[in-house]
Each structure stands twice: as structure tokens, then as C-alpha cells.
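Single-letter residue listing:
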Amino acid sequence: MNGEFILKLVLECILLPFFAIFFGLLLKGIDRKLVARMQARVGPPIRQPFLDVIKLFSKENIVPEHAVKWIYNAMPLVCLASSIMVLFYIPLGFPPLLAGHGDLVLVLYILIIPSLAMIAGGFASSSPFATVGAQREMVTMISYELPLSIVIMSIAFYLPGSNSFSLDFISSHPLWNSVGVLGFAGLILLLMSLIIVTPGELAKVPFDVAEAETEIAEGVMVEYSGRNLALFYMADGVKIFAFASLIVAIFFPYSISPLLNLTGLYADIANFLFFILKVVIVMIFSVSIIRAAVARYRITSVVTGYWVTVAMMALIGLLLLMWDMHYHVRWS
């Protein structure tokens with residue numbers, strides 16, 4: 001390894017977590033402002049998430065008397081660290097730091113960890129409201145994992161070669177360029193399924209049943225305060241960034257540098273900024289618009305919606321991709 005590669009490696013390891021937290025909080029501010037405008041409200045300023053985090057870090061960190069203290073205090077950090085870890089496998093306009101042959105499957109596993117951390121923290125707090133919220137979070141997680149897995153497996157199934165489970169390989173081989181009419185329709189259904197999965201993965205309206213304020217007083221977060229609540233808050237923003245980045249890397253991996261005839265460092269910067277723009281657009285369509293237009297579902301509706309409606313949509317998309325691949329093989 002040469003010195004330039006080592007320097008780039010060190011810079012990415014140091015800068016990416018800080019950028020992920022900063023941009024995640026910025027996305028939360030943009031989302032809150034957009035939703036307020038859609039609902040004819042003024043809304044908080046875009047900088048409000050940063051102010052919230054600063055204020056939370058200045059507050060006392062209270063631990064419930066009957067809580068399992070080490071689990072209760074560790075889970076916010078685990079949630080934030082695992083949310084940041086996902087970004088090391090996603091091509092953010094440039095090759096990912098931890099690219100590998102099966103990183104797509106690994107990303108699916110890592111995405112489960114923040115939800116499991118919230119569940120463990122809720123149970124560890126010994127609060128009845130947090131316990132109900134943790135149970136709801138488990139049910140929601142089990143519900144959206146089925147259509148999410150179908151979408152990911154469909155994309156990997158269609159791509160040729162042994163690297164089909166590599167996010168870097170997927171982002172360098174856009175599926176829209178290689179599918180026919182049936183495959184195009186299948187990709188549309190898979191994209192719609194992933195967009196519907198997004199608010200469930202991020203615990204946003206209408207799938208925020210684990211944090212229903214009017215029913216269970218913030219659920220899993222009810223006993224958290226101070227530094228621990230700030231860590232969960234930052235983890236939520238990072239996860240928005242990570243999941244939107246995953247959608248962009250799979251479905252919209254196009255670069256802008258070839259259009260601008262850029263090379264080298266300038267190309268990387270232009271591609272990264274273009275990637276950030278796409279992340280913001282994906283966040284608006286998959287989080288903000290849905291959150292502004294739809295009310296919270298009941299937990300039974302969440303399960304039915306994901307296991308029946310969204311899973312069937314994803315399966316139909318998979319079948320269309322299979323037929324499209326068969327058509328290409330047959331007539332090529």
C-alpha cells in the first residue's frame with residue numbers, strides 16, 4: 001500500500017463518521033421543515049436538530065432505578081456506531097472503504113443492529129411503556145425484513161457473476177441500462193417496495209408505532225434523557241442518510257463526472273455532491289412526503305401491509321425480473 005492510499009484510508013475513517021452525523025442531523029432538519037410546509041405550518045428552523053443535540057448533551061443523563069444499567073447506557077452508542085458502519089460499505093460517489101464480495105448481505109445484517117439496540121435499551125429500562133414499544137419495534141422489524149430481503153435478493157439475482165452481492169459492483173452496473181420492458185416494470189415495483197419499507201426501517205410515520213407519543217409516551221425512548229437520548233437522536237439521522245444512500249447506490253448509481261468531463265479529485269468531489277443531492281431527493285420522497293400525507297397505522301396494519309401488500313409487490317417485481325432475464329437469454 002502506498003502513502004496516498006493510507007492517507008485516504010485514514011481520512012475516510014476519521015471524516016466519514018463526523019460527516020454522517022452532521023449530514024444526518026441536516027436531513028432531519030430538512031425533513032421537519034418540509035413536512036411543516038406541506039401541512040401549512042412554519043415549522044422549526046433547519047438547524048433545530050443541531051440545537052437539540054447540543055441541549056441534550058448539556059442535560060443530566062438519568063438512569064432509571066431498576067434499569068439494567070450497562071445495557072441501558074451501552075445501547076445508544078451501539079445504535080450510533082452500527083448506523084455509521086453501514087456507510088463504510090456503500091459507494092458514496094466513490095468506491096466504499098470496506099468493499100467486498102458479499103457486503104450487500106452484510107449491510108442487511110448491520111441494518112438490524114440499530115433496531116435491536118433500541119429494543120434492548122427499551123427492555124433494559126424496565127419501563128412498561130418502553131417494554132410495549134420494544135415489542136412493537138420487534139414486530140415492525142420482522143414485518144419489513146421480508147419485503148426488504150426480497151428486493152435485495154431480486155437485484156442480486158438479476159446481475160451476472162460472482163460479485164452480484166457487492167454494492168460496489170451493483171452501483172457500477174445500473175440495472176435500468178440492461179433490462180427490457182418486463183424488467184423495467186419489475187424494477188419500478190421493487191423501488192416502490194423499498195420506498196415503502198424506508199419509513200418502517202427508520203421508524204417514521206406511518207410506521208412509528210414503537211414511539212407512538214399519544215399511546216405509549218415515546219415507547220422505547222420514554223426513559224432516555226441527556227447524552228443517551230442525544231446518541232439515539234444522532235443515530236436516527238445517520239440511519240436516514242445510510243438507508244437513503246443504499247437506495248441511491250442500488251437504483252440511482254449514476255455519476256455526473258462523465259457529463260462534465262471531470263477526472264481525478266474533481267470527479268470524486270462532483271460525484272459525491274451529486275450523490276448527496278440524490279440522497280436528499282430520495283429522503284423527500286420516501287420519508288417526508290409519506291410522513292406528511294399518511295397517519296400512523298395500527299400495529300396489526302403494519303404487519304398486514306408489509307407481509308401481504310408490500311411483500312406481494314416485491315415478489316411480482318422479482319417474477320418480472322426473472323421473466324425479463326429468461327426473455328433475454330432465449331432471444332440473445
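Residues numbered from 1 in each chain as written. Predicted model: local features only at pLDDT ≥ 70, side-chain atom pairs only at ≥ 80, totals over all residues. Heavy atoms only, no water.

Draft legend 1. Spatial organisation of the overall build of the chain. Within the chain one finds 12 helices and zero strands. In sequence order, the secondary structure elements of the chain are arranged as α-α-α-α-α-α-α-α-α-α-α-α. For a compact globule of 332 residues, the expected C-alpha radius of gyration is about 20 Å, and the chain comes in at 20 Å, within 12% of that figure. On the principal axes, the C-alpha backbone points of the chain span a range of 70 × 50 × 40 Å. Pairs at least 24 apart in sequence give 81% of the contacts found in the chain among residues at least 6 apart. Summed over its atoms, the accessible surface of the chain is roughly 15500 Å², and 72% of this surface lies on carbon and sulfur atoms. Positive and negative side-chain charges of the chain, numbering 19 and 20 respectively, have mean locations separated by a distance of 8 Å. (Helix = DSSP H or I, 4+ residues; strand = E, 2+ residues; numbered from the N terminus. Rg over C-alpha atoms; globule rule 2.2 N^0.38 Å. Contact = heavy atoms within 4.5 Å. Areas by Shrake-Rupley, 256 points an atom, 1.4 Å probe, with all protein chains shown as cover. Lys, Arg positive; Asp, Glu negative; His and termini not counted. Charge placed at Lys NZ, Arg CZ, Asp CG, Glu CD.)

Draft legend 2. Structural view of a nonpolar patch on the surface. A contiguous nonpolar surface patch, about 550 Å² in accessible area, is contributed by Ile142, Leu146, Trp307, Val308, Met312 and Leu315. Counting residues per element, the ones that place at least two in the nonpolar patch are α5 (128–158) and α12 (299–331). Element by element, the count of residues in the nonpolar patch is highest for α12, at four residues. (Patch = residues over 30% accessible without salt bridge, like charges linked within 9 Å, V, L, I, M, F, W, Y side chains within 5 Å. Salt bridge = Lys/Arg side-chain N within 4 Å of Asp/Glu carboxyl O.)

Draft legend 3. View of the packing of α5 against helix α9 (residues 226–251). At a minimum axis separation of 11 Å, α5 and α9 run at an interaxial angle of 30°. It follows that α5 is roughly parallel to α9 by the angle criterion. Judged by the twist between their axes, the crossing of α5 over α9 is left-handed. Seen from α5, the contacting residues are Leu148, Val151, Ile152 and Ile155; seen from α9, they are Phe243, Ile250 and Phe251. (Axes fitted to C-alpha atoms, helices over the stretch in contact; angles between N-to-C directions. Parallel < 35°, antiparallel > 145°, perpendicular 65-115°, else oblique. Left-handed = near helix turned anticlockwise from the far one by under 90°.)

Draft legend 4. Region of interest: α9. Taking 1.5 Å of rise per residue, the 26 residues of α9 would be expected to cover 38 Å, and the 38 Å separating its terminal C-alpha atoms lies within 8% of that figure. Counting buried residues along α9, 24 of its 26 residues qualify, which places the element largely inside the surrounding structure. (Expected span 1.5 Å × (residues − 1). Buried < 20%, exposed > 50% of the residue type's maximum accessible area, 1.4 Å probe, protein only.)

Draft legend 5. View of the nonpolar core. With 89 residues, the main nonpolar core has Ile155, Leu187, Phe243, Leu246 and Phe251 as its most contacted residues. Those residues in contact with Phe251, other than ones at most four positions away along the chain, are Val151, Ile155, Trp176, Leu187, Leu190, Leu191 and Leu194. (Core = buried A, V, L, I, M, F, W, Y, C linked by side-chain atoms within 4.5 Å.)

Draft legend 6. Quick look at the pattern of salt bridges. For the structure on display, the rule yields five salt bridges. The salt bridge partner of Glu201 is Lys239, with a shortest N-O separation of 3.0 Å. One end of the pair, Glu201, is in helix α7 (residues 181–201); the other, Lys239, is in helix α9, with 38 residues separating them in the sequence. Residue Glu201 is classed as buried on the basis of its relative accessible area of 2%. Residue classification places Lys239 among the buried residues on the basis of a relative accessible area of 8%.

Draft legend 7. Fine view of the side chain of Glu137. With respect to the secondary-structure elements, Glu137 resides in helix α5. Of the side chains with opposite charge, Lys239 lies nearest to the buried Glu137, which makes no salt bridge, at 5.9 Å. If we skip the residues at most four places from it in the chain, Glu137 touches Ser115, Ile119 and Ala210.

Draft legend 8. Structural view of the environment of Trp323. Examined against the element boundaries, Trp323 turns out to sit in helix α12. For Trp323, a relative accessible area of 51% puts it in the exposed group.

Draft legend 9. Representation of unusual backbone geometry in the model. The backbone phi angle of Ala40 is positive, close to 60°, even though this residue is not glycine. Tracing the backbone through its elements, the reader meets Ala40 in the loop between α1 (3–38) and α2 (48–58). Located in the positive-phi region is Ser126, a residue other than glycine, with phi close to 65°. The residue Ser126 is located in the loop between α4 (103–124) and α5 in this model. For Ser126, a relative accessible area of 40% translates into the label partly exposed.

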